[in-house]
Amino acid sequence: MANVLINAPKTARRGETIELKALILHPMETGFRPGANGTIIPRNIIQDFTASWNGVEIFRMRMSPAIAANPYVSFCAVASESGVVRLRWSGDNGFAVEESVTVTVT
Amino acid sequence: MNKRSLALALGAVFFASLAAAQGGADRRRSGYQDMGPALQKMQDDDTANPAMLFVQAGEALWKQKVGAADKACADCHTTASMKGVAARYPAIPAGADKPVDLEGRINLCRTTQQKAEPLRPESDDLLQLTAWVALQSRGDPIAPPDDPRMAAVRAEGERLFTERQGQLNLSCAACHDANAGKKLGGATIPQGHPTGYPLYRLEWQTLGSLKRRLRNCLIGMRAEPYDYNAPEYVALEAYLMERARGMTMDAPAVRP
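Every value quoted in this text rests on a predicted model; they were computed, and no experiment measured them.

Cut-offs and rules
Residues numbered from 1 in each chain as written. Chains lettered and ligands numbered in written order. Predicted model: local features only at pLDDT ≥ 70, side-chain atom pairs only at ≥ 80, totals over all residues. Helix = DSSP H or I, 4+ residues; strand = E, 2+ residues; numbered from the N terminus. Rg over C-alpha atoms; globule rule 2.2 N^0.38 Å. Buried ≥ 20, exposed ≤ 12 C-beta atoms within 10 Å, placed from the backbone. Contact = placed C-beta atoms within 7 Å. Pairing = 2+ DSSP bridges. Axes fitted to C-alpha atoms, helices over the stretch in contact; angles between N-to-C directions. Nonpolar A, V, L, I, M, F, W, Y, C, P; charged D, E, K, R; others polar. Core = buried A, V, L, I, M, F, W, Y, C linked by C-beta atoms within 7 Å.

Time to look at the overall build of chain B. Secondary structure assignment for chain B yields ten helices and five strands. Radius of gyration (C-alpha) of chain B: 20 Å, near the 18 Å computed for a compact globule of 256 residues. Considering only C-alpha atoms, chain B reaches an extent of 65 × 50 × 40 Å along its principal axes. Scored against the burial criterion, the 256 residues of chain B give a buried share of 33%. Sequence separation of 24 or more characterises 72% of the internal contacts of chain B that already satisfy a separation of 6 or more.

Spelled out as structure tokens, the structure:
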């Protein structure tokens with residue numbers, strides 16, 4: 001079940017730098033921890049996070065096992081045109097989530 | 001501004017300063033006040049507070065029909081009717097003879113009204129539902145019920161709170177009454193007011209209940225934690241809520 005919280009401004013002035021923040025529910029299991037029966041819990045992390053603005057990639061992040069559960073990502077972008085910001089998370093066990101927000105540039 | 005509204009404004013200033021003066025006498029501090037500004041900001045921003053992920057899921061569960069009765073929580077309760085509920089429990093529900101906490105109350109509804117299996121203690125579903133219900137009481141003062149039967153429960157809770165136990169021979173009170181505000185390792189010892197449960201603890205990297213927190217403390221002082229369904233937790237929770245009476249609910253909170 002994908003559970004995401006996104007904080008992005010709905011409107012921005014042309015040329016303004018806006019901050020986009022995204023929080024996603026994910027265990028980020030490192031693959032190094034023993035479970036209750038002593039065997040290692042298999043790794044289950046998000047590997048990639050990307051953001052695109054009207055199809056053009058504006059941000060990419062490679063995640064590692066050292067990142068805590070429910071990763072929170074904050075990044076900035078220059079608002080040059082109105083459009084759809086698409087956020088994509090992908091990782092182990094076929095994990096793939098996509099969410100989008102619309103930003104109107106005036 | 002006419003004379004009447006001026007008088008009202010002055011009155012408001014007077015009562016606000018009176019409240020502030022009383023607040024000065026109240027030495028109680030919530031865990032929120034003991035956190036750094038970064039964590040406070042994380043809790044205050046609903047898109048940065050990871051507990052809100054669980055609230056979102058809880059809202060979906062609230063509307064989901066379950067059990068043999070095929071009823072959702074929302075089929076009987078309005079969202080508005082949940083305001084203040086989390087600030088009241090543990091309590092003895094109508095028709096029951098034992099006190100239950102909020103999680104217990106939700107499970108009681110599940111078994112009697114929805115005719116469904118009770119949710120496992122500390123399971124995601126139960127935490128999510130509890131978080132959603134608790135959110136409706138955000139900003140409300142903690143108000144334990146004036147039920148005379150609760151007095152004995154609170155007294156038992158206070159006894160458990162002050163009784164030394166475990167290999168380290170500690171009691172809850174030894175830290176959270178006698179040494180609150182000082183440091184244990186690098187962390188500030190909070191006064192232990194349950195204003196924000198269920199809460200997102202960074203150490204847990206997930207949402208947890210007050211019960212889980214109490215179990216953590218019991219294990220920390222090397223005492224044997226009570227079973228998850230033990231009445232001891234409800235008694236302790238009832239005492240803690242009475243101890244925090246009037247403090248503001250900030251569930252679902254973030255704590256280190």
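The rest of the description comes next.
All names here are of chain A. Read from one edge of the open sheet, three strands run 1-3-6, paired in antiparallel fashion. Each having just a single partner strand, strand 1 (4-7) and strand 6 (72-78) make up the two edges of the open sheet. Averaged over all pairs of adjacent strands, the angle between their axes in this sheet comes to 15 degrees, without regard to strand direction.

Contacts between the two partners involve eleven residues from chain A, matched on the other side by nine residues from chain B. Listed by contribution, the elements that provide at least two residues to the side of chain A that touches chain B are strand 1 and strand 3 (17-24) of chain A. Counting residues per element, the side of chain A that touches chain B draws most heavily on strand 1 of chain A, which supplies three residues. Split into classes, the residues belonging to the side of chain A that touches chain B amount to seven nonpolar, three polar and one charged.

Our next topic: helix 9 (residues 210-220) of chain B. All names here are of chain B. Inspection of helix 9 places Leu210, Lys211, Arg212, Leu214 and Leu218 among the buried residues, and these make up the whole buried set. Buried positions along helix 9 lie against strand 4 (206-208) and helix 10 (231-243). Residue Arg222 follows helix 9 closely and has a positive phi angle near 55 degrees.

Residues and elements named next belong to chain A. Examined bridge by bridge, strand 4 (residues 46-53) and strand 7 (residues 83-91) share seven bridges and lie antiparallel to one another. Bridge assignment links Ile46 to a residue of strand 7, and that residue is Gly91. Here nine bridges tie strand 7 to strand 8 (residues 95-105), and the two strands are oriented antiparallel to one another. What sits directly across from Gly91, in strand 8, is Phe95.

Turning to the nonpolar core, a few remarks are in order. Core analysis: the largest hydrophobic core is formed by 64 residues, its most contacted members being Ala51, Phe54, Ala86, Ala131, Leu199 and Ala251 of chain B. Beyond its immediate chain neighbours, meaning those up to four positions away, Ala86 of chain B contacts Leu102, Val133, Ala134, Ser137, Met249 and Ala251 of chain B.

In this section: the pairing of strand 4 of chain A. Residues and elements named next belong to chain A. The pairing of strand 4 with strand 5 (residues 56-62) spans six bridges and is antiparallel. Pairing of Trp53 across the sheet is with Val56, part of strand 5. Between strand 4 and strand 5, which pair antiparallel and follow one another directly, the connecting turn spans two residues, one of which, Asn54, has a positive phi of 50 degrees.

All names here are of chain B. Ordered in space as 4-3-5, the three strands form an open sheet in which the pairing is mixed. Edge positions in the sheet fall to strand 4 and strand 5 (254-255), since each of these pairs with one other strand and no more. Of the pairings in the sheet, the one linking strand 3 (residues 199-201) to strand 5 comprises two bridges and is parallel in character. Each bridged residue has a counterpart across the sheet, and for Arg201 the counterpart in strand 5 is Arg255.

On to the environment of Asn7 of chain A. With respect to the helices, strands and loops of the structure, Asn7 of chain A is situated in strand 1. Separated by 15 residues in sequence, Asn7 of chain A and Ala22 of chain A have C-alpha atoms that sit 6.3 Å apart. The residues contacting Asn7 of chain A, other than those within four sequence positions of it, are Lys21 of chain A together with Thr47 of chain B.

Turning to unusual backbone geometry, a few remarks are in order. Here the bond from Tyr197 of chain B into Pro198 of chain B is cis, since omega is -5 degrees, no more than 30 degrees from zero. Here Pro198 of chain B lies in the loop between strand 2 (187-188) and strand 3. Pro252 of chain B follows Ala251 of chain B through a cis peptide bond whose omega is -10 degrees. Here Pro252 of chain B is to be found in the loop between helix 10 and strand 5. The backbone of Asn93 of chain A sits at a positive phi, close to 55 degrees, despite the residue not being glycine. Take Asn93 of chain A: it is sitting in the loop between strand 7 and strand 8.

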